[in-house]
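Here are the chains, one letter per residue:
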Amino acid sequence: MAAIGSIQPLWDSISLDKTASNDNTASSQNGFPVFADVFQNAIDTVKQTDAENNQAQYLLATGQLDNPAIATIASTKAQLSVQLLAELRNKALDAYSEISRISI
């Protein structure tokens, strides 16, 4: 899948290596990453984009940043990564609620 600018698709950053499926943190049997891997990747992305945003804001405030659009882009990326993490959490909670309502 082609990346748009510096935005990478979620699945490109997760290893789909089937040979490591015996490990507890590895992919599930069907070759797709388990939810914990996807969620941890989203958390790491939030941390990374927040650090980039803080650095860009610092550089902008100290006058070391030539292009102020870089700070705006970093801020937007950080905001979008937090929104993605929140949506992942909401969907996980919705799925858990739905599963808990199933009668066996």
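As a reminder, the structure under discussion sits directly above these lines.
What you see as residue numbers is a count from 1 along each chain, following the sequence as written. Given that this is a predicted model, residues contribute local features only at a pLDDT of at least 70 and side-chain atom pairs are listed and counted only at 80 or more, while totals for whole chains, interfaces and linings are drawn from all residues. Note that the side-chain values use all heavy atoms of the structure and ignore hydrogens as well as water.

Chemist: Explain the overall build of the protein chain to me, using residue names and the numbers behind them.
Modeler: A run of H or I in DSSP counts as a helix once it spans at least four residues, and a run of E counts as a strand once it spans at least two, with each numbered from the N terminus. For the protein chain, the helix and strand inventory stands at two helices and zero strands. Throughout this description, buried means an accessible area under 20% of the type-specific maximum (1.4 Å probe, protein chains only), exposed means over 50%, and partly exposed covers the range between. Relative to its full complement of 104 residues, the protein chain shows a buried share of 19%. For the protein chain, the proportion of contacts with a sequence separation of at least 24, taken over those separated by at least 6, is 41%. Working definition of accessibility: Shrake-Rupley area with a 1.4 Å probe, residue cover restricted to the visible protein chains. With the model as given, the accessible surface of the protein chain reaches about 7,900 Å², and the carbon-plus-sulfur share is 58%. Contacts were defined at the residue level, with two residues in contact if any of their heavy atoms lie within 4.5 Å.

Chemist: Run through helix α1 (residues 35-61), naming residues and quoting values.
Modeler: Helix span, expected: 1.5 Å multiplied by one less than the number of residues in the helix. Along its 27 residues, α1 runs 39 Å from first to last C-alpha, staying within 8% of the 39 Å computed at 1.5 Å per residue. The set of residues buried in α1 consists of V38, N41, A42, V46, T49, N53 and A56. Looking at the buried positions of α1, the neighbouring elements they touch are α2 (69-101). Immediately downstream of α1, the backbone of G63 shows phi near 80°, a positive value.

Chemist: Would you mind going over the packing of α1 against α2 in detail, with residue names and values included?
Modeler: Interhelical geometry of α1 versus α2 gives an angle of 155° and a closest axis separation of 8 Å. What the angle tells us is that α1 and α2 run roughly antiparallel. By crossing handedness, the relation of α1 to α2 is classed as left-handed. A per-class count over the contact of α1 with α2 returns 15 nonpolar, six polar and four charged. Axes here mean lines fitted to C-alpha atoms, for a helix over just the part in contact, with angles spanning 0 to 180 degrees between N-to-C directions. Angle categories: roughly parallel below 35 degrees, roughly antiparallel above 145, roughly perpendicular from 65 to 115, and oblique for all the rest. Note on convention: near helix rotated counterclockwise from far helix by under a right angle means a left-handed crossing. Clockwise means right-handed. Side-chain classes follow a simple rule in which Ala, Val, Leu, Ile, Met, Phe, Trp, Tyr, Cys and Pro form the nonpolar group, Asp, Glu, Lys and Arg form the charged group, and the remainder, Gly included, forms the polar group.

Chemist: Before we move on, could you go through the pattern of salt bridges and cite the residues and values that matter?
Modeler: A side chain with one charge may pair with a side chain of the opposite charge, provided their charged atoms come close. For this analysis, a salt bridge means a side-chain nitrogen from Lys or Arg found within 4 Å of a carboxyl oxygen belonging to Asp or Glu. A complete count under the given rule lists two salt bridges for this structure. Here K77 ties to E52 by a salt bridge, and the two come within 3.7 Å at their closest N and O atoms. One end of the pair, K77, is in helix α2; the other, E52, is in helix α1, and 25 residues separate them in sequence. By relative accessible area, which is 28% here, K77 ends up partly exposed. Look at E52 and you get partly exposed, because its relative accessible area is 33%. Taking the shortest distance from any N to any O, the salt bridge between E98 and R101 comes out at 3.5 Å.

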